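Overview (structure and organization)
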Amino acid sequence: MNYFSNLAQSRSAWALLFLSCAVLEAYALFSQHAMELRPCIMCIYQRTAVFGILFACIPVLIRNNILTRLFGFTIWGISAIWGGLIAWEHYDLQHAANPFFATCEIVPNFPSWLPLHEWLPNIFAATGDCGDIDWVFMDMSMPQWMMVVFAIYTGIWALALVSRLAIKRTV
């Protein structure tokens, strides 16, 4: 536990978390633009959750102190759990008993003060259908892989946070 407690304070651990998110985002954009896989609204929401984890790392990488780590842990946890729930819902939409009734929105439901799909349409515009399974790797679709990814992010987040609070009694 002490190892994980010290790791949570390490800039290199936050850099590794940042790098893993950057690689996921790069692959998502490669899939969209080079492989011509059209992202659906649920894909966009999952992409936003990964960006949330990525951006949670930036303050800690700039200045590593208790406030930036508290901010980082909060945004990381919210993004990882929210992303996992969205991936689960996306999987349910793809495997619905009656796909006629399993639909999703067409336009992302971003706040009016942050219309990412209008500002950066090449990244955040949804052009695909949630029910389509266009990508499979090792018999798992994209939402299934994203459930695994978000479960790992959530597990590491919980382990790091609990070890920090249990041993150091601070974030």
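Refer to the structure above for everything that follows.
A brief structural summary. (Residues numbered from 1 in each chain as written. Predicted model: local features only at pLDDT ≥ 70, side-chain atom pairs only at ≥ 80, totals over all residues. Heavy atoms only, no water.)

Next up on the list: the nonpolar core. Within the largest apolar cluster, 34 residues are counted, with the highest numbers of intra-cluster contacts made by Ile53, Trp76, Phe150 and Tyr153. Of all the secondary structure elements, the ones that give two or more residues to this core are helix 2 (11-33), helix 3 (41-62), helix 4 (66-94) and helix 7 (142-168). Once residues lying within four places of it in the same chain are set aside, the contact partners of Trp76 are Trp14, Leu17, Ile53, Ala56, Tyr153, Ile156 and Trp157. (Core = buried A, V, L, I, M, F, W, Y, C linked by side-chain atoms within 4.5 Å. Buried < 20%, exposed > 50% of the residue type's maximum accessible area, 1.4 Å probe, protein only. Helix = DSSP H or I, 4+ residues; strand = E, 2+ residues; numbered from the N terminus. Contact = heavy atoms within 4.5 Å.)

This brings us to the environment of Trp82. Inspection of the secondary structure assignment puts Trp82 in helix 4. As a C-alpha pair, Trp82 and Ala49 span 33 residues in sequence and 6.9 Å in three-dimensional space. Apart from residues lying up to four places away in sequence, Trp82 is in contact with Tyr45, Thr48 and Ala49.

Applying the stated criterion across every chain yields a total of eight aromatic pairs. Look at Tyr27 and Phe30: their rings are 6.2 Å apart centre to centre, the planes differ by 35 degrees, and that puts the pair in the tilted class. With Tyr27 and Phe30 both in helix 2 and three residues apart, this pair spans about one turn of that helix. A residue is classified by how much of its surface remains accessible, and Tyr27, at 34% relative accessible area, is partly exposed. Aromatic ring contacts, followed pair by pair, group Trp14, Phe73 and Trp76 into a single cluster. (Phe/Tyr/Trp six-rings, centres within 6.5 Å; stacked < 30°, edge-to-face > 60°.)

Our next topic: the environment of Pro143. With respect to the secondary-structure elements, Pro143 resides in helix 7. The buried category is assigned to Pro143, whose relative accessible area is 1%. When the C-alpha atoms of Pro143 and Gln46 are compared, they prove to be 8.9 Å apart, with 97 residues separating the residues in sequence. When neighbours within four sequence positions are excluded, Pro143 is seen to be in contact with Gln46, Ala87, His90, Tyr91 and Gln94.

With 29 residues, helix 4 ought to run about 42 Å at 1.5 Å a step, and its terminal C-alpha atoms sit 42 Å apart, in line with that. Of the residues that open helix 4, the one with a side-chain oxygen 3.0 Å from the backbone nitrogen of Leu67 is Asn65. (Expected span 1.5 Å × (residues − 1). Polar contact = N/O pair within 3.5 Å; in protein donor to acceptor, adjacent residues only side chain to side chain.)

Its identity is not glycine, yet Glu36 carries a phi of approximately 60 degrees, on the positive side. Structurally, Glu36 can be placed in the loop between helix 2 and helix 3. Residue Glu36 is classed as exposed on the basis of its relative accessible area of 64%. Even without a glycine there, the phi angle at Asp139 is positive, about 60 degrees. Relative to the helices and strands, Asp139 resides in the loop between strand 1 (136-137) and strand 2 (140-141). Take Asp139: its relative accessible area is 73%, and that puts it in the exposed class.

Our focus in this paragraph is the environment of Leu61. Position of Leu61 among the secondary structure elements: in helix 3. For Leu61, a relative accessible area of 26% gives the class partly exposed. C-alpha separation for the pair Leu61 and Ala15, spaced 46 residues apart in sequence, amounts to 6.8 Å. Those residues within four positions of Leu61 in sequence are excluded, and the remaining contacts are Arg11, Trp14, Ala15 and Phe18.

From the geometry alone we can't say anything about function, so treat these as descriptive.
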